[in-house]
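Working through the structure, step by step
Okay, here's what each chain looks like letter by letter:
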Amino acid sequence: MTLKFSQDIKSLLQHLAEKPLTLGDVILETSERGFNLVIALLVLPFLIPTPPGLSTPLGIACLLMSGQMALGRRTPWLPKKIASLKFPNWFAQTLLKNLQRVTKVLEKISRPRFQKVAENPLTWRFNGICLTWLAILLMSPYPPATNPIPAVGMLLLAVATIESDGILMCLGYVATVLNTLFFGFAFYLLYTGATYLLPNLFR
């Protein structure tokens, strides 16, 4: 079975052969699915080696997209500066080809399931809330080198929403809970460590 997600990636690769790819182009070509396709494109660099300086604008764009979903918007909007952000051609090619590899795995496990629940407007908003929370964790500087952990959860939820796959969504929710527990524990350790060390420093 060919995923809508996979078809969108092929379309973007064809577009890339003609001119540089921007986030605005992705939104124009994928309509409502642009929300989750853009999020998938934005989080993938956190799973592969990424040029320095891209993590902040990618994280902010992710937050903007997921926040709009949480508010119930169906038409994505990005500020001109972010929408016109051009991916370097080599980087966009690498990104989309890596996404193609991801879709080969997803095509084996993802298909429309529990569509009435998956396509419910409340589910759309709830997915937006989960994605927003994961985007905040994604941008967190602590613990270091943990960006891939929330990125995986975001990718699962984004693809599940595009494909109306209720089962994959549940896996995304589990990933959201596990991320919350992991980062909560990490911040707890940071807080307790700071409260122990700081008084001793000033003795």
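Residues numbered from 1 in each chain as written. Predicted model: local features only at pLDDT ≥ 70, side-chain atom pairs only at ≥ 80, totals over all residues. Heavy atoms only, no water.

**Some words on the side chain of Asp165**
Stated formally: To qualify as a helix, a DSSP run of H or I must reach at least 4 residues; to qualify as a strand, a run of E must reach at least 2; elements of each kind are numbered from the N terminus. Exposure classes here rest on a 1.4 Å probe applied to the protein chains alone. A residue is buried below 20% of its type maximum, exposed above 50%, and partly exposed in between. Polar contacts, as counted here, are pairs of nitrogen or oxygen atoms within 3.5 Å of one another; within protein the pair requires one atom able to donate a hydrogen and one able to accept it, and residues that are adjacent in sequence qualify only if both atoms are side-chain atoms.
Along the chain, the position of Asp165 falls in the loop between helix 9 (148–163) and helix 10 (166–201). Given a relative accessible area of 0%, Asp165 falls into the buried group. Among the polar contacts listed, one links the side chain of Asp165 to the backbone nitrogen of Leu168, at a separation of 3.2 Å.

**Let's talk about helix 8 (residues 121–138)**
What counts is decided by this rule: Any helix carries an expected span of 1.5 Å times its number of residues minus one.
Here helix 8 is 18 residues long and its end C-alpha atoms lie 25 Å apart, about the 26 Å a rise of 1.5 Å per residue gives. Inspection of helix 8 places Thr123, Trp124, Asn127, Gly128, Cys130, Leu131, Thr132, Leu134, Ala135, Leu137 and Leu138 among the buried residues, and these make up the whole buried set. Regarding helix 8, its N-cap is Asn120, as a side-chain oxygen of that residue lies 2.7 Å from the backbone nitrogen of Leu122 further along.

**Focus on the UniProt feature "transmembrane region" (unreviewed entry) in the protein**
We apply this condition: UniProt positions are given in the numbering used here, feature names are shortened, and annotations may be inferred rather than shown by experiment.
Within this numbering scheme, the UniProt entry marks residues 122–142, 154–174 and 181–198 as carrying the feature "transmembrane region" (unreviewed entry). Taken end to end, residues 122–142 has its terminal C-alpha atoms 32 Å apart, with 81% of it in helix and 0% in strand. End C-alpha to end C-alpha, residues 154–174 measures 11 Å, and it is 90% helix and 0% strand.

**Section: the nonpolar core**
In plain terms, the rule: Among buried residues, those of type Ala, Val, Leu, Ile, Met, Phe, Trp, Tyr and Cys that are joined through side-chain atoms within 4.5 Å constitute a nonpolar core. Any pair of residues with heavy atoms lying within 4.5 Å of one another is described as a contacting pair.
One finds Leu23, Ile39, Val43, Leu78, Phe87 and Met154 to be the most contacted residues of the largest nonpolar core, which totals 50 residues. Those elements that place two or more of their residues in this core are helix 2 (23–30), helix 3 (34–43), helix 4 (55–70), helix 5 (80–83), helix 6 (89–109), helix 8, helix 9 and helix 10. Looking at which element gives the most residues to this core, the answer is helix 9, with nine residues. The contacts of Val43, once residues within four sequence positions are left out, are Cys62, Leu138, Ala151, Met154 and Leu155.

**Some points on the side chain of Ser140**
Within the secondary structure, Ser140 sits in the loop between helix 8 and helix 9. We classify Ser140 as buried; its relative accessible area is 12%. Setting aside residues no more than four positions away along its own chain, Ser140 makes contact with Asn147 and Phe187.

**Quick word on helix 9**
Across its 16 residues, helix 9 extends 22 Å between first and last C-alpha, which sits within 8% of the 22 Å expected from 1.5 Å per residue. A positive backbone phi angle near 55 degrees is found at Ser164, which sits one or two residues after helix 9.

**So, the pattern of salt bridges**
Applicable threshold: One speaks of a salt bridge when a side-chain nitrogen belonging to Lys or Arg is within 4 Å of a carboxyl oxygen belonging to Asp or Glu.
Counted by the stated rule, this structure contains one salt bridge. Between Asp165 and Arg113 there is a salt bridge; the shortest N-O distance is 2.8 Å. Of this pair, Asp165 sits in the loop between helix 9 and helix 10 while Arg113 sits in the loop between helix 6 and helix 7 (115–118), and the two are 52 residues apart along the sequence. Of the two residues examined, Asp165 and Arg113, each falls in the buried class.

**Re unusual backbone geometry**
Even without a glycine there, the phi angle at Phe114 is positive, about 50 degrees. With respect to the helices and strands, the residue Phe114 is situated in the loop between helix 6 and helix 7.

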